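Close look at the chain arrangement
Spelled out from the first residue to the last, the chains are:
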Amino acid sequence: ESVVNRIAAGEVIQRPVSAVKELVENSLDADSSSISVVVKDGGLKLIQVSDDGHGIRLEDLPILCERHTTSKLTKYEDLFSLSSMGFRGEALASMTYVAHVTVTTITKGQIHGYRVSYKDGVMEHEPKACAAVKGTQIMVENLFYNMIARRKTLQNSADDYGKIVDLLSRMAIHHNEVSFSCRKHGAVKADVHSVVSYSRLDSIRSIYGVSVAKNLMKVEVSSADSSGCTFDMEGFISSSNYVAKKTILVLFINDRLVECSALKRAIEIVYAATLPKASKPFVYMSISLPREHVDINIHPTKKEVSILNQEIMIEMIQSEVELKLRNAND
Ligand code: ADP
Ligand code: MG
């Protein structure tokens, strides 16, 4: 059974960056206003996520890492609900099958916190009282220690830290009410450092720099039911002055960071057609949809989304982007 659990866990947590995404989404769920991430050895030695959120109650610690039990989500359709980004309580449990997980947490009004370690979905010992400031710190050590092949593959690819930095940069743009930091273990300087900002453009400026932010234009689409496709989109797209070799599409759907290659391609096509000499675009978009319009069969490990009437939505976004680009160019 433990082999089966390990294989399933390795599906949910495919690389260090998937563990970071889950941990940070939990911190956001806990209403944190500050989240910091420390990474050692591309995440294979250590991933540590500390937040100042509401913490975990002592009585919840024994079931924290049980599969399917801790989820606040009762139904599949809740997968993309606005209030929670978690999926069926699988993330932390999965991590305990493929790493050493230690949780330190304190809830509001308590004078001390608790620390506990987990293995294979259960607590290794009773929670121990300890000093704690506010919120929760989760340490994931020796990720994939029991999956030799996976570890080898990851050790040979040096870019996992880069993926983590990229992930947190994207999250920091969208959650401009939260401050994020990310650094390598032992490093003084953070590679992602965002402060709470009042506007999304400010957060883009602080993460991606002035040269990106000054070349952005606001875009918005609001679509009612008549088209068979209900959604609201707001975001920023780069103008013809922006220069880059690679498209960056930072896409949030119902506040969840996702990927949609069809939308990405559609945007690239508009840029190539409208600004033939221009560079690849930088695009941030936040789309809200009725949650029943997002594919309910999405698997937790799949970052790609599927949306009801996706083609219509993409076409509407395409024509808005094209309009903006043409108007700016006139
Ligand atoms: P899910 O997010 O689907 O519920 P997870 O395995 O990601 O499943 O997390 C399990 C539970 O642990 C969460 O539902 C939440 O109650 C609790 N939890 C995890 N991380 C934190 C955190 N940083 N702060 C507060 N509670 C947390
Ligand atoms: Mg979660």
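Reference entry: report on the structure contained in this document. (Residues numbered from 1 in each chain as written. Chains lettered and ligands numbered in written order. Predicted model: local features only at pLDDT ≥ 70, side-chain atom pairs only at ≥ 80, totals over all residues.)

1. Notes on the pairing of strand 14 (residues 282–288)
Counting buried residues in strand 14 gives five out of seven residues, a clear majority hidden from the surface. Looking at chain direction, strand 11 (residues 231–238) and strand 14 are connected through six bridges and run antiparallel. Of the residues in strand 14, the one forming a bridge with Met233 is Ile287. As defined by bridge partners, strand 12 (residues 248–253) adjoins strand 14 across six bridges and the pair is classed as parallel. If you follow Val250 over to strand 14, its bridge partner there is Tyr284. (Buried ≥ 20, exposed ≤ 12 C-beta atoms within 10 Å, placed from the backbone. Helix = DSSP H or I, 4+ residues; strand = E, 2+ residues; numbered from the N terminus. Pairing = 2+ DSSP bridges.)

2. Some thoughts on helix 9 (residues 310–329)
Taking 1.5 Å of rise per residue, 20 residues should cover 28 Å, and helix 9 covers 28 Å from first to last C-alpha, within 8% of that figure. Turning to helix 9, its buried residues number three or more, namely Met313, Ile317, Val321 and Leu325. Here the buried residues of helix 9 occupy an arc of 100° about the axis, which is enough to place them on one side. Relative to its buried face, helix 9 has exposed residues pointing more than 90 degrees away, namely Glu311, Ser319, Arg326 and Asn327. Here the buried face of helix 9 lies against strand 10 (216–223), strand 11 and helix 8 (261–274). (Expected span 1.5 Å × (residues − 1). Arc of directions from axis to C-beta. Contact = placed C-beta atoms within 7 Å.)

3. Remarks on the pairing of strand 1 (residues 34–40)
One ladder, built from six bridges, connects strand 1 with strand 8 (residues 179–184); its direction is parallel. Note on strand 8: the bridge partner recorded for Ser34 is Ser179. Sheet topology note: the strand 1/strand 2 (residues 46–51) ladder contains six bridges and is antiparallel. Residue pairing in the sheet places Val39 in a bridge with Ile47 of strand 2. Hairpin remark: strand 1 followed by strand 2, antiparallel, with five residues in the connecting loop; positive phi at Asp41, about 60°.

4. Some words on helix 5 (residues 160–174)
With 15 residues, helix 5 extends 22 Å between its outermost C-alpha atoms, agreeing within 8% with the 21 Å of an ideal straight helix rising 1.5 Å per residue. Taken together, the buried positions of helix 5 are Asp160, Ile164, Val165, Leu168, Ser169, Arg170, Met171, Ala172, Ile173 and His174.

5. Some words on the sheet that holds strand 13 (residues 256–258)
Spatially, the five strands line up as an open sheet ordered 10-11-14-12-13, and their pairing is mixed. What marks the edges here is a single partner per strand, and that holds for strand 10 and strand 13. Pairwise comparison of adjacent strand axes, ignoring direction, gives a mean angle of 20° for this sheet. Its contacts with the sheet put helix 5 on strand 12, strand 13 and strand 14, and the angle it makes with strand 12 is roughly 55°. (Axes fitted to C-alpha atoms, helices over the stretch in contact; angles between N-to-C directions.)

6. Observations concerning the packing of helix 5 against helix 6 (residues 200–208)
Axis separation between helix 5 and helix 6 bottoms out at 8 Å; the angle between their running directions is 155°. Classed by the angle they form, the pair helix 5 and helix 6 counts as roughly antiparallel. Across the interface between the two elements, Ser169, Ala172 and Ile173 of helix 5 pack against Arg200, Ser203, Ile204 and Ile207 of helix 6. Considered class by class, the residues forming the contact of helix 5 with helix 6 number four nonpolar, two polar and one charged. (Parallel < 35°, antiparallel > 145°, perpendicular 65-115°, else oblique. Nonpolar A, V, L, I, M, F, W, Y, C, P; charged D, E, K, R; others polar.)

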